[in-house]
Amino acid sequence: MVFSRLFRRRAEPEPKIEAGLKKTRRGIFKDIANLFERSEITEDLFEDLEALLIQADLGVETTLELLDNLRDRIDRERIKQPADAREALRTEMIALLENATRNRKIKIYQRGVPFVILVVGVNGTGKTTTIAKLAKYHQDQGRNVMLVAGDTFRAAAIDQLKVWGERLKVPVIAHDPGADPGAVVFDGMQAAYNRNADILLVDTAGRLHTKYNLMEELKKIRKVMQRHVAEAPQEVLLVIDATTGQNGLVQAKKFAEAVEITDIAIAKLDGTARGGIAFAIARELGTPISYVGTGEQVTALAEFNPVTYVDALFFGEEEEL
Amino acid sequence: MFETLSDRLTAVFQRIGNKGRLTEQDVDEAMREVRRALLEADVNYKVVRDFVSAVRERAVGEEVLKALTPAQQVIAIVRDELIKILGEERVPLQLAQVPPTIVMVVGLQGSGKTTHVAKIANLLKKEGRRPLMVAADVYRPAAIDQLQTLGGQIDVPVYSEGTKANPIDIAKNAVKLAKDRGYTVVLIDTAGRLQIDEPMMQEVERIAEAVKPHEILLVADAMTGQEAVNVAQEFHRRLALTGLILTKMDGDARGGAALSIRSVVGVPIKYIGTGERIDAVEPFYPDRLASRILGMGDVLTLIERAQAEITEEESRALEEKVLAGQFNFEDFLNQLQQIKRMGPLTQLLEMIPGIGQALRQQQVQISDDEFKHIEAMIFSMTPEERRNPDILKPSRRKRIAAGSGTSVAQVNQLVNQFKQMQKMMAQFGELAGGAGGRRGLRGLMRSRQALAGLGDADLEALMQQGAFPPGMGNPALGGPTPRKATNSPKKGKSKKKKSKGRRR
């Protein structure tokens, strides 16, 4: 698990998300390969592609735009062979996803200032698991990590984070269930200073983006953080479930409005989900997508990379199962 | 973000012109929009394809009824077909003749299994049954604690053997215990699993074999995309599901996944999860979900909630006052509190056709905190002032502002809007009296049939007149600005008016 592009001063090999995505491709590579196994590029090909992309959760608009771009490229480059059209589609898909990496900010760690990561999302997307993975990653980089149990609402959410804390041997700052999340975060910030934490990972309760009050609560948490560190939270991470349909776009938009999302993580990519929502987000919002979660193991987290993402999900080789 | 289907269809038919019979061309154009609406609601691609061709077949050549525009006619057909797929009637949980009934809850990670086990246990308990919840998720950290915490909240026992035990043994032992101790329903919470995770799927199969559940319910997130079908199919193939629970329906996801699952797997949808509170679970009504998938609002649920929260006497007393033009701040305060009991305001407004849409488009933010300000102002009034707002002279208003932590301008606004509302209510009273009946408010709240037949435009008119609980009907009070709440929905709503009434 390496985030070579995300974090400065690291020269490490390219991450491999294919490994984590093994289970994902069942069927789809073959479908794509079959599509292009025809003698010429016909209108049928585009129709089949449309079906395939929509079924991968790219959404109608994004699919149509992608196909328009593909047609343009085919015309422009005078592509005649279906195999070349396949390569052109791959190029277009990668180009589209690059919208989601272009605006990434380099993360800078300052000595003596906790780097605060606020993790948000709707219910059940995998926030807590993602936090555990990030904690593990930063810990492996030799950083001093601390967790804050900001989900004081859901039954046993605090316990869940504490279990991770014990497994990873990372301190967890927590209050009792039902406490004010702002107060827990306040204590977390202070503890981070007192105990010289490099990374402070803040869990929050899952909230639907349609709940105004809960979105306001996030703003408050942010303010509490800024009382201690002006630039905190240096990272605001939105976790989106890879199986999410078109609602994922609305989620990204609404959370971005409320708390200035700096990064998105696409979680649960180990299922059969095609993760097409990443394309829709890249096209419409351009919010940086930084991580993909690929399983329940604590190391199953990779840096989001358009090329590997597209290849791992759409253009890989069928594996013997 | 999404235009409503009815708006789009109306535009399509405006372009082709209004004719007496739906031609093939009309229908094809319309079906393109229907297809898109369904895909945007995350209905599975293949399901959409079959659905659209079925609707097309039925619609071509159909005569446009006099009362309808072609757009309305198409919507009526689409809605009708949707309801057919979703299942015409609601299917309750099947209880075994010889207890205990064994219910197993399965699904992907994060779909809401544990929460819904507790919600259903709570429902069953209220029906007078003796549920036992079983913590068979030994993998996710603190899953057992979660079920135990919820069990404590609803006072339902939880059977657990910790995380070291084997889920199959846990389930077996729990059923045995239930038989010994006379629990009538056993609800087994299983771990979240991917449908392609072979060892985990085998495990869940073995649990089912061991305890032979009467019901195996799949919990599906309303926000799920195209994969919903594959997930459900695989679980169904392995376990022979008996029902679905659709969760997170309190958000703005259209819930197309439910339609896909229903049409491919064929099992009925038994419950709808509508929030994080333990009582936020509702029975499933196909017609409501159909409207929602099409972006048409959900008035019936709203009415039902109002019925559940506002007692007969309360509404009768209120009606008398309204009719007599004596509605005062005390009544208003009561009304506010009743609305608050019905759920968050945003959620309520979402259910009114067109309004949810308008709110999203205009990005109006409605906060229940507004209620707090209004409440604070009313709390700062003397009983006399509450009963007789006319005596609110500037010095009194100043005191109220100081007492409630608001400004005099806010108090003025409240008083003025309240007076306007009073005026409208008086008009409404005259109207109701003039119609010769005393049906008015109470009749409205009570009669679901009447409402099902009531056009949206009528509803809007009623809202503007203040027939709905104040504060909702007059959005300026605790709601968005009136312009936003009343103007924009009109467009789509008046056109839909008759299609609703025609439906049955």
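The rules behind the values
Residues numbered from 1 in each chain as written. Chains lettered and ligands numbered in written order. Predicted model: local features only at pLDDT ≥ 70, side-chain atom pairs only at ≥ 80, totals over all residues. Heavy atoms only, no water. UniProt positions renumbered as here; feature names shortened; annotations may be inferred. Helix = DSSP H or I, 4+ residues; strand = E, 2+ residues; numbered from the N terminus. Pairing = 2+ DSSP bridges. Contact = heavy atoms within 4.5 Å. Axes fitted to C-alpha atoms, helices over the stretch in contact; angles between N-to-C directions. Parallel < 35°, antiparallel > 145°, perpendicular 65-115°, else oblique. Nonpolar A, V, L, I, M, F, W, Y, C, P; charged D, E, K, R; others polar. Core = buried A, V, L, I, M, F, W, Y, C linked by side-chain atoms within 4.5 Å. Buried < 20%, exposed > 50% of the residue type's maximum accessible area, 1.4 Å probe, protein only. Arc of directions from axis to C-beta. Buried area = accessible area lost by both parts, 1.4 Å probe. Salt bridge = Lys/Arg side-chain N within 4 Å of Asp/Glu carboxyl O. Polar contact = N/O pair within 3.5 Å; in protein donor to acceptor, adjacent residues only side chain to side chain.

For chain A, the name recorded in an unreviewed UniProt entry is Signal recognition particle receptor FtsY, with Sphaerobacter thermophilus as its organism. UniProt annotates chain A under Catalytic activity (unreviewed entry) with the comment "GTP + H2O = GDP + phosphate + H(+)". Quoted verbatim from the Subunit (unreviewed entry) field of the UniProt record, the comment on chain A reads "Part of the signal recognition particle protein translocation system, which is composed of SRP and FtsY."

Let us now look at unusual backbone geometry. In this chain, Ala 232 of chain A is followed by Pro 233 of chain A through a cis amide linkage whose omega measures -10°. Looking at where Pro 233 of chain A falls in the secondary structure, it is placed in the loop between α8 (212–228) and β5 (235–241). Across the junction of Pro 99 of chain B and Pro 100 of chain B, the peptide omega takes the value 5°, indicating a cis bond. Here Pro 100 of chain B shows up in the loop between α4 (70–86) and β1 (101–107).

Another point: the UniProt feature "domain: SRP54-type proteins GTP-binding" (unreviewed entry) in chain A. Feature annotation in UniProt places "domain: SRP54-type proteins GTP-binding" (unreviewed entry) on residues 288–301 of chain A, given in this structure's numbering. This span, residues 288–301 of chain A, is 0% helix and 43% strand, and a straight line between its end C-alpha atoms measures 16 Å.

What follows concerns the sheet that holds strand β8 (residues 281–283) of chain B. All names here are of chain B. Taking strand neighbours across the sheet as the criterion, the eight strands line up as β3-β2-β4-β1-β5-β6-β7-β8 in an open arrangement whose pairing is mixed. Among the strands making up the open sheet, the edge pair consists of β3 (158–159) and β8. Bridge count for strand β2 (residues 131–136) against β3 is two bridges, and the pairing is parallel. When the bridges of β3 are listed, Met 133 appears paired with Val 158. Relative to the sheet, helix α8 (residues 198–211) contacts β1, β4 (185–190) and β5 (215–221), its axis offset from that of β1 by approximately 175°.

Let us now look at the packing of helix α3 (residues 60–76) of chain A against helix α10 (residues 277–284) of chain A. Residues and elements named next belong to chain A. One can describe the packing of α3 onto α10 by two numbers: an axis separation of 9 Å at closest approach and a directional angle of 75°. The angle between the axes of α3 and α10 places the two elements in the roughly perpendicular class. Here Glu 61, Thr 62 and Glu 65 of α3 lie close against α10, whose contacting residues are Phe 279, Ala 280 and Arg 283. Taken together, the residues of the contact of α3 with α10 sort by class into two nonpolar, one polar and three charged.

Looking now at the nonpolar core. Membership of the largest hydrophobic core comes to 83 residues, with the highest contact counts inside it found for Val 34, Leu 38, Val 74, Val 106, Ile 188, Phe 235 and Leu 289 of chain B. Per-element accounting of this core gives the leading share, eight residues, to α4 of chain B. Beyond its immediate stretch of four places on either side in the chain, Val 106 of chain B contacts Lys 113, Thr 190, Val 204, Ile 216, Leu 217, Leu 218, Val 219, Phe 235, Leu 239 and Leu 241 of chain B. With 80 residues, the next largest nonpolar core counts Leu 66, Ala 85, Leu 238 and Ala 273 of chain A among its residues.

Residue and element names in this part refer to chain A. Reading across the sheet, the eight strands line up as β3-β2-β4-β1-β5-β6-β7-β8 and stay open at both edges, with mixed pairing between neighbours. Each edge of the sheet is formed by a strand with only one pairing partner; in this case those strands are β3 (172–173) and β8 (301–303). Sheet analysis places β5 next to strand β6 (residues 263–267), joined by five bridges and oriented parallel. Bridging across to β6, Ile 240 finds its partner in Ile 266. Where helix α6 (residues 157–168) meets the sheet, it contacts β2 (145–150), β3 and β4 (199–204), and its direction lies at approximately 170° from that of β2.

The subject of this paragraph is helix α1 (residues 28–35) of chain A. When we look at burial in α1 of chain A, the residues that qualify are Ile 28, Phe 29, Ile 32 and Leu 35 of chain A. One side of α1 of chain A holds all its buried residues, which, seen down the axis, span an arc of 130°.

Bringing the pairing of β1 of chain B into the picture now. Residue and element names in this part refer to chain B. In terms of burial, β1 is a largely internal element, seven of the seven residues being buried. Burial along β1 is two-sided: the face carrying Thr 101, Val 103, Val 105 and Gly 107 and the face carrying Ile 102, Met 104 and Val 106 are both buried. One ladder, built from five bridges, connects β1 with β5; its direction is parallel. Each residue of the ladder has a partner; that of Val 103, found in β5, is Glu 215.

Listed as interface residues are 41 residues of chain B and, on the opposing side, 48 residues of chain A. Across the interface of chain B and chain A, roughly 4000 Å² is buried in total on both sides, 56% from carbon and sulfur atoms. Three residues stand out in chain B for area buried against chain A, namely Ile 196, Met 223 and Glu 276 of chain B, and they jointly supply 16% of the buried area on that side. Summed over the shared surface of chain B and chain A, the number is three salt bridges. The residue Lys 211 of chain A makes a salt bridge to Asp 250 of chain B at a minimum N-O spacing of 2.6 Å. On inspection of chain B and its partner chain A, the count reaches 16 residue pairs in polar contact (both at pLDDT 80 or more). Its residues assigned to classes, the side of chain B that touches chain A shows 14 nonpolar, 13 polar and 14 charged.

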